[in-house]
Amino acid sequence: MFILALKVFLLILYQVHSESDTKSYTELNGCDIGDLADEIASYDTDVRDIIDYVVSGPFKGKTYYELAKFVDLFGARPSGSKVLEDSIDYMIQLTRQEGIQDIVTEDVEVPHWVRGTEKLSMVQPRIKDISILGLGRSVSTPPNGLSAEVIVVRNFDELAKIPDKDVEGKIVLYDPKFISYGETVVYRSQGAAKAGAKGAVASLVRSIAPFSINSPHTGSQNYDDNVTKIPTAAISLEDADLIRRFYDRKEKIVLNLTMSSTYDTKISRNTLIDLKGTNYPEQLVIVSGHIDSWDVGQGAMDDGGGLFVSWAAPLILKRLNLRPKRTLRSIFWTAEELGLVGAYAYEEKHRKDNHKINFIMESDEGTFSPRGLVVAGTPKARCIVAEILKLFESINATTLVESDSPGSDIAVLIQKGIPGASLHNANERYFWFHHTEGDTMNVEDPEELDLCTAFWTSVAYIIADISADIPR
Ligand SMILES: [Zn+2]
């Protein structure tokens with residue numbers, strides 16, 4: 001009884017803190033993977049070789065150097081743009097220079113939303129310019145803009161309680177407190193649809209970020225088919241707070257909003273780079289990041305870092321002559337930002353071969369100091385990954401975080417039952433810069449990128465090479 005109670009307690013404890021270093025993970029979960037544990041431990045020297053090669057050897061600083069060259073040359077790479085396609089061609093060339101020839105691209109029809117003029121001014125209670133960034137797919141205002149009174153709500157419940165007649169003709173400002181990105185982002189992604197349904201003429205959202213230096217954060221949003229599409233944009237935390245204070249003082253706030261944009265579709269491409277497996281070339285371990293970005297900043301962090309650590313993995317293994325038994329595939333997803341468009345297209349195209357994906361990885365939440373992995377899969381799958389993470393004590397990357405939906409693009413495949421993981425890293429400041437003009441090389445650090453590259457390459461190599469498949 002006591003043991004059972006203890007187990008239940010530990011289980012509860014574990015669920016509350018669903019993050020633990022792998023030693024306590026394997027103990028807490030009673031992991032027993034038999035001889036495989038010894039086999040995994042034997043990769044110790046390969047891991048050391050990869051880390052040495054990347055952190056202090058010939059590859060030192062290379063990830064940062066190539067990433068900087070890339071984002072300086074292309075800058076932002078929005079879905080549907082020519083610059084995105086040029087950047088894809090560049091990455092193919094860069095990879096070919098390494099003697100890797102197994103590269104294919106797959107066409108995908110992607111959204112092409114182009115930001116035009118955007119201007120927001122407060123006209124009452126005082127004149128003030130307000131920085132904005134329109135949200136993805138936002139419709140335009142009339143050419144001369146629109147002026148309307150503002151109502152401020154913290155959440156959808158508050159909006160629902162206001163009679164429609166008091167919302168009609170107004171601008172709704174969502175002013176949610178940032179809890180986590182996942183919990184708060186609904187006010188960006190669904191705000192316009194819900195405000196439009198109540199007759200608002202436009203909607204604004206407090207940027208989905210915990211910190212701000214007057215920087216609005218853009219992002220995707222979706223209209224409802226049967227609701228009038230209204231223009232929608234993000235404002236900075238500072239201006240949201242200012243408007244909130246006026247509102248709480250019962251002052252009438254009037255804003256003038258002008259926005260223009262165009263929207264159509266274009267053909268883009270997912271890029272697949274294979275380092276063919278020696279024994280089971282049809283079996284895949286995938287590493288990935290998305291090559292598109294928002295149209296502001298340089299997309300260095302989101303997701304240039306993830307793109308480049310995934311680009312580096314097959315290349316480093318080739319250089320070190322570490323050929324895994326299964327094929328290591330590196331994927332550069334297109335049009336992630338407008339709704340995981342590349343990932344959905346890949347899943348659909350390769351659906352009959354989904355069973356051949358042994359494990360799928362993506363880095364899309366920063367490439368700061370690696371801490372470990374966020375892992376989806378069965379308990380046994382997680383136990384195997386936990387055993388692998390034990391090899392990364394020297395770089396402090398042994399943490400396993402449980403999640404049923406890690407990553408962004410790969411969530412599309414993980415939902416189909418494929419085990420996978422995203423990079424767990426020291427990304428506490430990720431959402432300070434996310435989807436802003438501040439997403440530049442200044443956020444990146446060469447040594448942290450080296451650690452991510454070494455970690456990413458090593459984990460992918462071991463999973464692609466061990467005798468056991470990752471169970472489903
Ligand atoms: Zn991203």
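Residues numbered from 1 in each chain as written. Predicted model: local features only at pLDDT ≥ 70, side-chain atom pairs only at ≥ 80, totals over all residues.

1. Things to note about the overall build of the protein chain
We count it as follows: For helices the rule is a DSSP run of H or I covering at least 4 residues; for strands it is a run of E covering at least 2, with both sets numbered from the N terminus onward. Radius of gyration: C-alpha atoms only; globule rule: 2.2 Å multiplied by the number of residues to the exponent 0.38. With C-beta atoms placed from the backbone, a residue is labelled by how many other C-beta atoms lie within 10 Å of its own: buried for 20 or more, exposed for 12 or fewer, partly exposed between the two. By the convention adopted here, residues are in contact when the distance between their C-beta atoms, placed from the backbone, does not exceed 7 Å.
When helices and strands are counted, the protein chain shows 18 helices and 15 strands. Taking 2.2 N^0.38 as the reference for a compact globule, 472 residues should give roughly 23 Å; the C-alpha atoms of the protein chain span a radius of gyration of 24 Å, in line with that estimate. Its C-alpha atoms put the protein chain at 70 × 65 × 40 Å along the principal axes. A burial count over the protein chain gives 50% of its 472 residues as buried. In the protein chain, of all internal contacts separated by at least 6 residues, the share reaching a separation of at least 24 is 83%.

2. Points about the pairing of strand E12 (residues 357–362)
Inclusion rule: Two strands qualify as a pair provided that DSSP identifies no fewer than 2 bridges between them.
Buried residues dominate E12, accounting for six of its six residues. Where strand E10 (residues 280–290) and E12 come together, five bridges link them in parallel fashion. Residue pairing in the sheet places Val285 in a bridge with Phe359 of E12. Summarising the sheet, E12 and strand E15 (residues 420–425) pair through three bridges and their orientation is parallel. The residue bridging Ile360 from the neighbouring strand is Gly420, located in E15.

3. Digging into unusual backbone geometry
The omega torsion of the bond from Gln124 to Pro125 falls at 5°, within 30 degrees of zero and hence cis. Within the secondary structure, Pro125 sits in the loop between strand E2 (103–124) and strand E3 (128–130). Of the consecutive residues Asp302 and Asp303, the connecting peptide bond is found in the cis state with omega at 5°. As for its position among the elements, Asp303 is in helix H13 (residues 300–319). A positive phi is found at Asn214, a non-glycine position, where the angle reads about 55°. Note that Asn214 resides in the loop between strand E7 (202–206) and strand E8 (232–235).

4. Thoughts on helix H5 (residues 62–74)
To be explicit about the condition: Helix span, expected: 1.5 Å multiplied by one less than the number of residues in the helix. Throughout, the arc means the angular range of directions from the helix axis out to the C-beta atoms.
When the terminal C-alpha atoms of H5 are compared, their 18 Å separation across 13 residues agrees well with the 18 Å that a helix rising 1.5 Å per residue should span. Within H5, the full set of buried residues consists of Thr63, Tyr64, Leu67, Phe70, Val71 and Phe74. Buried residues along H5 cover an arc of 135° about the axis, so they all sit on one side. In H5, the exposed positions angled more than 90 degrees off the buried face are occupied by Asp72 and Leu73. Gly75 sits one or two residues past H5 and shows a positive phi near 65°.

5. Here we look at the nonpolar core
As a reminder, the rule being used: The term nonpolar core means buried Ala, Val, Leu, Ile, Met, Phe, Trp, Tyr and Cys residues held together as one set by C-beta atoms within 7 Å. Note that domain bounds follow an automatic or database assignment of domains.
Ile171, Ala460 and Ile463 are the most contacted members of the largest nonpolar core, which totals 130 residues. Considering every element that reaches this core, the biggest residue donor is helix H18 (residues 446–465), with 12 residues. Mapping this core onto the domain boundaries places at least three of its residues in each of domain 1 (18–102 + 276–465) and domain 2 (114–263).

6. Thoughts on the environment of Gly80
Mapped onto the fold, Gly80 is located in the loop between H5 and helix H6 (82–96). With 23 C-beta atoms packed within 10 Å, Gly80 lands in the buried category. Sequence separation of Gly80 and Thr117 is 37 residues, and the distance between their C-alpha atoms is 19 Å. Non-local contacts of Gly80, meaning those with residues more than four positions away in its chain, are made with Val110, Pro111, His112, Thr265, Lys266 and Ser268.

7. Concerning the domain arrangement of the protein chain
A common measure of how large an interface is: the accessible area buried when the components associate. So the rule is basically this: Three residue categories are used. Nonpolar comprises Ala, Val, Leu, Ile, Met, Phe, Trp, Tyr, Cys and Pro, charged comprises Asp, Glu, Lys and Arg, and polar comprises the others, including Gly.
Here the domain parsing of the protein chain yields domain 1 (18–102 + 276–465) and domain 2 (114–263). Each side of the interface is counted separately: domain 1 has 13 residues, and domain 2 has 12 residues. Residues that form the side of domain 1 that touches domain 2 fall into these classes: five nonpolar, five polar and three charged.

8. Thoughts on the environment of Asn29
Tracing the sequence through the fold places Asn29 in the loop between helix H2 (22–28) and helix H3 (36–41). Remark: the alpha-carbon pair of Asn29 and Gly342, spanning 313 residues in sequence, is separated by 36 Å. Those residues in contact with Asn29, other than ones at most four positions away along the chain, are Pro379 and Cys383.

9. Points about H13
Spelled out, the test is: Here the bend at each residue means the angle between axes fitted to two seven-residue stretches, the one ending at that residue and the one beginning there.
Along its length, H13 shows its largest kink, about 25°, at Ala313, and proline Pro314 lies within four residues downstream of that point. Judged by how many residues are buried, H13 sits mostly within the fold: 18 of 20 residues are covered. Backbone geometry just downstream of H13 places Asn321 in the positive-phi region, at approximately 55°.

10. Details of the packing of helix H4 (residues 44–56) against H18
Put simply, the rule reads: Only the contacting stretch of a helix is used when fitting its axis, a line to C-alpha atoms as for every element, and angles between N-to-C directions run 0 to 180 degrees. For classification, angles of less than 35 degrees are called roughly parallel, those exceeding 145 degrees roughly antiparallel, those between 65 and 115 degrees roughly perpendicular, and all remaining angles oblique. Each crossing gets its handedness from the near helix: less than a right angle anticlockwise from the far helix is left-handed, clockwise is right-handed.
For the pair H4 and H18, the least separation of the axes is 9 Å and the interaxial angle reads 150°. Comparing the axis directions of H4 and H18 gives the class roughly antiparallel. Helix-helix and strand crossings are classified by hand; for H4 and H18 the assignment is right-handed. Contacts between H4 and H18 pair Asp46, Val47, Ile50, Ile51, Val54 and Val55 from the former with Asp450, Leu451, Thr453, Ala454, Thr457, Ser458 and Tyr461 from the latter. Taken together, the residues that form the contact of H4 with H18 break down as eight nonpolar, three polar and two charged.

11. Points about the environment of Ile50
With respect to the helices, strands and loops of the structure, Ile50 is situated in helix H4. A sequence separation of 407 residues divides Ile50 from Thr457, and the C-alpha atoms of the two residues are 7.6 Å apart. Here Ile50 is in contact with Ile316, Leu320, Ala454, Thr457 and Ser458, once residues within four sequence places are set aside.

12. Quick notes on the packing of H5 against H13
Contact geometry of H5 with H13 gives a least axis separation of 10 Å together with a crossing angle of 130°. Relative to H13, the element H5 is oriented oblique. Where H5 crosses over H13, the handedness of that crossing is right-handed. Contacts between H5 and H13 involve Thr63, Glu66, Leu67, Phe70 and Val71 on the former and, on the latter, Ala300, Gly304, Gly305, Phe308, Val309 and Ala312. In the contact of H5 with H13, the residues fall into seven nonpolar, three polar and one charged.

13. Examining the pairing of strand E11 (residues 326–333)
Each regular strand shows side chains that alternate between the opposite faces of the sheet. Across the eight residues of E11, eight count as buried, placing the element largely inside the fold. Bridge count between strand E9 (residues 254–275) and E11: five bridges; the pairing is antiparallel. Looking across to E11, one finds that Ile273 is bridged to Ser330. Where E10 meets E11, eight bridges bridge the pair, whose relative direction is parallel. Across the sheet, the residue bridging to Ser288 is Ile331, located in E11.

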